[in-house]
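Tertiary structure, described
What follows is the residue order along each chain.
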Amino acid sequence: MFTPHSLECFERELGATLAEFERGLQKAAPGAVSLLGAGLFFLQCGNVELRMTAQPHPPRRIGLFEIPVLKVTYRFSGGDDAERLALLGRLDRAMQRGGG
């Protein structure tokens, strides 16, 4: 699992479209996701609040394959580190894709 240096604010790049990202959020936290604007999301799960800004970036190309790229800024408030890591783990699991 991805563990950032700080659980206050950090950035990541994800291989997803904005629509895929939003579906993953809804899957991870049904009923807890608010869309605040284009690419702006808010989640409240228990004591933890998470604001995310997702911005599409140019896709990565590997041979003939093209992978979408989102740069996402995560800003946590409330809750303790264990609660924040638990939410981050739920988000990561909900956004996993198939594989071997």
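Remember, it's a predicted structure, so these values are computed and weren't measured experimentally.

Take the side chain of Thr 73 next. When you line up the elements, Thr 73 lands in strand S5 (residues 65-77). Since its relative accessible area comes to 11%, Thr 73 is described here as buried. A polar contact of 3.3 Å, which involves the side chain of Thr 73, links it to the side chain of Glu 11. For Thr 73, the contacting residues outside a window of four places in its chain are Cys 9, Phe 10, Glu 11, Arg 51, Met 52 and Thr 53.

When pLDDT is averaged along the protein, the result is 91; 96% of the residues meet or exceed 70. Here strand S2 (residues 33-37) is the element of the protein with the lowest mean pLDDT, 90, and strand S4 (residues 48-62) is the one with the highest, 96.

Turning next to the sheet that holds strand S1 (residues 9-14). With antiparallel pairing, five strands are arranged side by side in an open sheet as S1-S5-S4-S3-S2. Looking at which strands have only one partner, the edges of the open sheet turn out to be S1 and S2. The average angle at which neighbouring strand axes cross in this sheet is 25°, direction not considered. Where strand S3 (residues 40-45) lies against S4, six bridges are found, and the strand directions are antiparallel. Residue Leu 43 lies in a different strand from S4, and its bridge partner there is Leu 50.

Conventions adopted
Residues numbered from 1 in each chain as written. Predicted model: local features only at pLDDT ≥ 70, side-chain atom pairs only at ≥ 80, totals over all residues. Heavy atoms only, no water. Helix = DSSP H or I, 4+ residues; strand = E, 2+ residues; numbered from the N terminus. Buried < 20%, exposed > 50% of the residue type's maximum accessible area, 1.4 Å probe, protein only. Polar contact = N/O pair within 3.5 Å; in protein donor to acceptor, adjacent residues only side chain to side chain. Contact = heavy atoms within 4.5 Å. pLDDT = per-residue confidence, 0-100. Pairing = 2+ DSSP bridges. Axes fitted to C-alpha atoms, helices over the stretch in contact; angles between N-to-C directions.

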